[in-house]
Amino acid sequence: MTVSLLGAAEIRRLAAELDVTPTKKLGQNFVVDANTVRKIVTAARVQPDERVVEIGPGLGSLTLAILETGASVTAVEIDHRLAARLPETARERGVLEGALTVVDADALRVTELPGDPTVLVANLPYNVSVPVLLHFLETFDTIRRGVVMVQAEVAERLAAGPGSKVYGSPSVKAAWYGSFALAGTVSRQVFWPVPNVDSLLVGFHRDEQPRGTEEERRATFEIIDAAFGQRRKMLRQALSNVLGGSAAAASEVLERAGVDPTARGEALTVEDYLRIARAR
Ligand code: SAM
């Protein structure tokens, strides 16, 4: 199968045909550079027989680059005009029948995906990048690894470990599912329109075994939110509402979990948070 990728002129022509003006509300910054989409696919090490899910395929730049490898793609797009046009674009550019499935839906709300995809590859809509990523990791445990392009600041958070300045609730929640690492830089100039922030690639691998049960995950995330909601406070204070209603009660739980009650949330690993949830 020979797939021809989209260039800048073709992207603009498609957008004009559909009467699409990229909107900030939907985080629509389309990649107009074939080298960049190939770089993302290479970073994700997509293999010909794999099933990939893409969030927000837009006009199809990255979708075609994934399909070019011989992998199949399920693409979830919220903008009806873009979702409706994508199968035709794929056909026109040489993609074989059956290799692409488009789901016209809000990715934050999808609970079923055809084809049990094992790899996630996406240029995520910036305004919902973290919630949509966590939603997919939570909902589709067939996804074992992936590469996403996000705002540089978000990428750094996702990949940060305890003690880092940018370590926050997205870092700990992402770590619940697996390991995350920065996977490459992307110039602003490859987007249309050019965004006013930098982007980075982040790769992830899901852990072999789930870290805990769904109930434990919910409890752990509640504690993470409370800890980072008041990140300057000591844990015994920041967690008093979720651990017994007073600093003294919180200290007791923290000590049972082997965590120093005077520490701050930014010093704890996801394992520490899980131990607190279990000790509650
Ligand atoms: N993948 C394309 C590319 O690289 O050129 C487009 C990426 S653009 C940053 C984000 C895409 O996500 C847009 O096509 C936008 O319409 C879509 N989108 C925004 N919010 C979404 C949501 N909640 N669910 C699914 N798609 C969404």
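Along each chain, numbering runs from 1 in the same order as the chain's sequence is written. Selection of residues for local features in this predicted model requires a pLDDT of at least 70, selection of side-chain atom pairs for listing and counting requires 80 or more, and totals for whole chains, interfaces and linings are taken over all residues. The basis for every side-chain value is the complete set of non-hydrogen atoms in the structure, without hydrogens or water.

Describe in detail the domain arrangement of the protein, supporting the description with residues and values.
Domain annotation of the protein identifies domain 1 (8-206) and domain 2 (214-279). The domain boundaries here were taken from an automatic or database domain assignment. Each of domain 1 and domain 2 has a C-alpha centre, and these two points are 33 Å apart. Taken together, the twelve residues of domain 1 in the interface contact 17 residues of domain 2. Buried area is a sum: the accessible area each of two parts loses on coming together, probed at 1.4 Å, counted once for each and added. Contact between domain 1 and domain 2 buries roughly 1,100 Å² in total, counting both sides, with carbon and sulfur atoms accounting for 68%. In what follows, residue pairs with any heavy atoms lying within 4.5 Å of each other are defined as contacts.

Provide a residue-level description of the site of the ligand, including the pertinent values.
Taken together, 22 residues are adjacent to the ligand, and Val31, Gly56, Glu77, Asp106 and Ala107 come closest. What qualifies as a polar contact is a pair of N or O atoms within 3.5 Å, subject to a donor-acceptor requirement within protein and to the restriction that residues adjacent in sequence count only when both atoms come from side chains. At 2.8 Å from a nitrogen atom of the ligand is found a main-chain nitrogen or oxygen belonging to Gly56. Residue Glu77 places a side-chain N or O atom 2.6 Å away from an oxygen atom belonging to the ligand. Sorting the residues of the shell around the ligand by element identifies strand E1 (30-31) and strand E3 (72-77) as the ones contributing at least two each. Gly falls in the polar group here, along with every residue not listed as nonpolar (Ala, Val, Leu, Ile, Met, Phe, Trp, Tyr, Cys, Pro) or charged (Asp, Glu, Lys, Arg). Taken together, the residues that form the shell around the ligand break down as eleven nonpolar, seven polar and four charged. Any residue with a heavy atom positioned within 4 Å of a molecule or strand is treated as near that molecule or strand. Note on conventions: DSSP H or I runs of at least 4 residues are helices, E runs of at least 2 residues are strands, and numbering of each starts at the N terminus.

Residue-level account of the side chain of Arg206, with values.
When you line up the elements, Arg206 lands in strand E9 (residues 199-206). The classification of residues rests on relative accessible area computed with a 1.4 Å probe and restricted to protein chains. Under 20% of the type maximum is buried, over 50% is exposed, and intermediate values are partly exposed. For the purpose of counting charges, residues Lys and Arg are taken to be positive, whereas Asp and Glu are taken to be negative. His and the chain ends are not included. Definition used for salt bridges: Asp or Glu carboxyl oxygen within 4 Å of a side-chain nitrogen of Lys or Arg. Within the buried core, Arg206 has no salt-bridge partner, and the shortest N-O distance to an opposite charge, that of Asp141, equals 6.2 Å. One polar contact links the side chain of Arg206 to the main-chain carbonyl oxygen of Leu137, over a distance of 2.8 Å. Polar contacts involving the side chain of Arg206 include one to the main-chain carbonyl oxygen of Ile143, which spans 2.7 Å. For Arg206, the residues in contact, after removing those within four places along its chain, are Phe136, Leu137, Phe140, Asp141, Ile143, Arg144, Tyr177 and Gly178.

Break down helix H10 (residues 247-256) for me, with residues and values.
Of all the positions in H10, only Ala250, Ser251, Val253 and Leu254 are classed as buried. The buried side chains of H10 occupy one side of the element, clustering within an arc of 165° when seen end-on. Across H10 from its buried face, at more than 90 degrees, point the exposed residues Ala248, Glu252, Glu255 and Arg256. Tucked into the core, H10 has its buried residues touching helix H9 (235-238) and helix H11 (270-279). Just past H10, the residue Gly258 takes up positive phi, approximately 75°. Arc definition: directions from the helix axis to the C-beta atoms.

Which residues make up the sheet that holds strand E6 (residues 145-151), and what are the values?
The mixed open sheet is built from seven strands, whose spatial order is E4-E3-E2-E5-E6-E9-E7. At either margin of the open sheet sits one strand with a lone partner, and together these are strand E4 (100-104) and strand E7 (178-186). Between one strand axis and the next, the sheet turns by 20° as a mean value, whatever way the strands run. Bridge count between strand E2 (residues 51-55) and E3: five bridges; the pairing is parallel. Across the sheet, the residue bridging to Glu54 is Ala75, located in E3. Throughout, an axis means a line fitted to C-alpha atoms (over the contacting stretch in the case of helices), and angles, computed between N-to-C directions, take values from 0 to 180 degrees. Those strands touched by helix H7 (residues 169-177) are E7 and E9, and its axis lies near 115° from that of E7. For two strands to count as paired, DSSP must find a minimum of two bridges between them.

Provide a residue-level description of the packing of aromatic side chains, including the pertinent values.
We call Phe, Tyr and Trp rings a pair once their centres come within 6.5 Å, taking the six-membered ring for Trp, and we label the pair stacked below 30 degrees between planes, edge-to-face above 60, and tilted otherwise. Within the structure shown, the criterion is met by seven aromatic pairs. For the pair Phe228 and Tyr273, a centre-to-centre distance of 6.3 Å together with 40° between the ring planes defines the contact as tilted. Highlighted residues: Phe228 in helix H8 (residues 214-229) and Tyr273 in helix H11, separated in sequence by 45 residues. Assessed through its relative accessible area of 13%, Phe228 is described here as buried. For Tyr273, a relative accessible area of 0% puts it in the buried group.

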